[in-house]
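For reference, the chains in residue letters:
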Amino acid sequence: MTHLSIQNLSAGYGDVRVLYDVSFDVPIPGITAVIGSNGAGKTTLLRTLSGLIRPTKGEIQLGGTRLHGLEPDGFVTAGIAHVPEGRRLFAGMTVEDNLLIGAFSRQAPKAEISRDLEAVYSLFPKLHERRRQDAISMSGGEQQMCAIGRGMMAKPRVMMIDELSLGLAPVMVDVLIAALKQLAGNGLGLLVVEQDVAVAFDLADQVVIVDRGRVTRAGTSQEVAADPAIRNAYLGEI
Ligand SMILES: Nc1ncnc2c1ncn2[C@@H]1O[C@H](COP(=O)(O)OP(=O)(O)O)[C@@H](O)[C@H]1O
Ligand SMILES: [Mg+2]
């Protein structure tokens, strides 16, 4: 099995250190969820894993190829897609044009791009219905589908999603979970930041807990979810 491998990663903003010696592996295919409270460093982690922040220390490798030190476009070319928090779709542009933006970094023939677009529409039929509509006019859940679809259009090996379910209706979250499981079944590695711990355990094979910039626990969902200390701290049980 291939991995996105993160070793002893430290990063921050200027003199402010946010991540301390973060190490874990993201299996490809598979779904890894990152949980942790506000300000724990989850977004900083994803930004570092997409080259937007240079780590001060540590290594990032994808299938044995070194990524740390590359510019963000090098991370994209290597196969990392980043669906940012809040989705960042382009207003005044249709759903389809937003999806096509995801394919910009690829030198792919038109026929191939059309095929990939069809794959997105088959995963999310709602997007096909709304393909001529302004992306920003859709519901939050539909916008999240569009952002994930845009990520798919880059043909990544690993897709990272920041705050998958934040602010979305539960029925929408279920649709997204099913879609992501299907993508993992088709070979994708997913690294999903998810504040809703129940959603994270439902979604992921593996869970990583980040607390104040450090990984405090990593393991299979079953293993971590069965831990009484975790249930107490994160699922509100005693
Ligand atoms: N652009 C920035 N400049 C300086 N500090 C930042 C910046 N963005 C985030 N931080 C700080 O980094 C820490 C981690 O933030 P973040 O990675 O956004 O956490 P999370 O996504 O887990 O809520 C917080 O203390 C936050 O205030
Ligand atoms: Mg965040």
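Calculation notes
Residues numbered from 1 in each chain as written. Chains lettered and ligands numbered in written order. Predicted model: local features only at pLDDT ≥ 70, side-chain atom pairs only at ≥ 80, totals over all residues. Heavy atoms only, no water. Core = buried A, V, L, I, M, F, W, Y, C linked by side-chain atoms within 4.5 Å. Buried < 20%, exposed > 50% of the residue type's maximum accessible area, 1.4 Å probe, protein only. Helix = DSSP H or I, 4+ residues; strand = E, 2+ residues; numbered from the N terminus. Domains from an automatic or database assignment. Contact = heavy atoms within 4.5 Å. Polar contact = N/O pair within 3.5 Å; in protein donor to acceptor, adjacent residues only side chain to side chain. Expected span 1.5 Å × (residues − 1). Near = heavy atom within 4 Å. Nonpolar A, V, L, I, M, F, W, Y, C, P; charged D, E, K, R; others polar. Pairing = 2+ DSSP bridges. Axes fitted to C-alpha atoms, helices over the stretch in contact; angles between N-to-C directions. Buried area = accessible area lost by both parts, 1.4 Å probe. Salt bridge = Lys/Arg side-chain N within 4 Å of Asp/Glu carboxyl O.

## Notes on the nonpolar core
- Within the largest apolar cluster, 50 residues are counted, with the highest numbers of intra-cluster contacts made by Leu 99, Leu 127, Ile 148, Met 159, Ile 161, Leu 180 and Leu 190.
- The biggest single contributor to this core is helix α7 (residues 170-185), with eight residues.
- Residue-level mapping places this core at the junction of two domains, with at least three residues from each of domain 1 (1-79 + 157-238) and domain 2 (85-155).
- Leaving out residues up to four positions away in the same chain, Leu 190 has contacts with Val 26, Gly 30, Ile 31, Thr 32, Met 159, Ile 161, Leu 180, Leu 183 and Ala 184.

## Examining the side chain of Arg 106
- With respect to the element layout, Arg 106 can be found in the loop between α3 (95-101) and α4 (110-123).
- The class of Arg 106 is buried, set by a relative accessible area of 15%.
- A distance of 2.6 Å separates a polar side-chain atom of Arg 106 from the backbone oxygen of Met 153.
- Excluding its chain neighbours within four sequence positions, the residues that come into contact with Arg 106 are Glu 112, Asp 116, Met 153, Ala 154 and Lys 155.

## Focus on helix α6 (residues 140-152)
- For α6, built from 13 residues, the straight-helix expectation of 18 Å at 1.5 Å per residue is met to within 8% by its first-to-last C-alpha distance of 18 Å.
- Taking burial as the measure, the 13 residues of α6 include twelve buried ones, the bulk of the element.
- All of the buried residues in α6 are Gly 141, Glu 142, Gln 143, Gln 144, Met 145, Cys 146, Ala 147, Ile 148, Gly 149, Arg 150, Gly 151 and Met 152.
- In this structure, the buried residues of α6 make contact with β6 (80-83), α3, α4, α5 (125-129), β7 (158-162) and α7.

## Section: the site of ligand 1
- As a matter of local geometry, ligand 1 sits amid Tyr 13, Val 18, Ser 37, Asn 38, Gly 39, Ala 40, Gly 41, Lys 42, Thr 43 and Thr 44.
- Measuring from an oxygen atom of ligand 1, one finds a backbone N or O atom of Gly 41 at 2.9 Å.
- Measuring from an oxygen atom of ligand 1, one finds a side-chain N or O atom of Lys 42 at 2.7 Å.
- Per-element tally for the shell around ligand 1: the top contributor is helix α1 (residues 42-49), with three residues.
- Here the shell around ligand 1 is built from residues that sort into three nonpolar, six polar and one charged.

## Let's talk about the sheet that holds strand β8 (residues 189-193)
- Taken together, six strands build an open sheet; the order of strands is β6-β7-β8-β3-β9-β10 and the sheet is mixed. Each end of this open sheet is capped by a strand with a single partner; those strands are β6 and β10 (214-220). Pairwise comparison of adjacent strand axes, ignoring direction, gives a mean angle of 15 degrees for this sheet.
- With four bridges joining them, strand β3 (residues 30-35) and strand β9 (residues 206-211) adopt parallel strand pairing. Residue pairing for β9: Thr 32 is matched across the bridge by Gln 206.
- Against the sheet, α1 engages β3, β6, β7 and β8, with an angle of about 150 degrees to β7.

## Some words on the sheet that holds strand β2 (residues 16-28)
- Read from one edge to the other, the open sheet built from four strands follows the order β2-β1-β4-β5, with strand pairing classed as antiparallel. Only two strands of the sheet have a single neighbouring strand rather than two, namely β2 and β5 (65-66).
- Sheet topology places strand β1 (residues 2-13) next to strand β4 (residues 57-62); five bridges connect them, and they run antiparallel. Looking at β4, one finds that Leu 4 is bridged to Leu 62.

## Focus: the domain arrangement of the chain
- Structurally, the chain comprises domain 1 (1-79 + 157-238) and domain 2 (85-155).
- Taking only C-alpha atoms, the centre of domain 1 and the centre of domain 2 are 23 Å apart.
- Contact between domain 1 and domain 2 buries roughly 1,200 Å² in total, counting both sides, with carbon and sulfur atoms accounting for 74%.
- By the criterion of area lost to domain 2, the three top residues of domain 1 are Met 159, Met 172 and Leu 176, representing 30% of everything that side buries.
- Remark: the boundary between domain 1 and domain 2 carries zero salt bridges.
- Run the count over domain 1 and domain 2 and you get one residue pair in polar contact (both at pLDDT 80 or more).
- Of all the elements in the fold, those that place two or more residues in the side of domain 1 that touches domain 2 are β7 and α7.
- The greatest single-element share of the side of domain 1 that touches domain 2, amounting to seven residues, is contributed by α7.
- Counted by class, the side of domain 1 that touches domain 2 contains twelve nonpolar, two polar and three charged residues.

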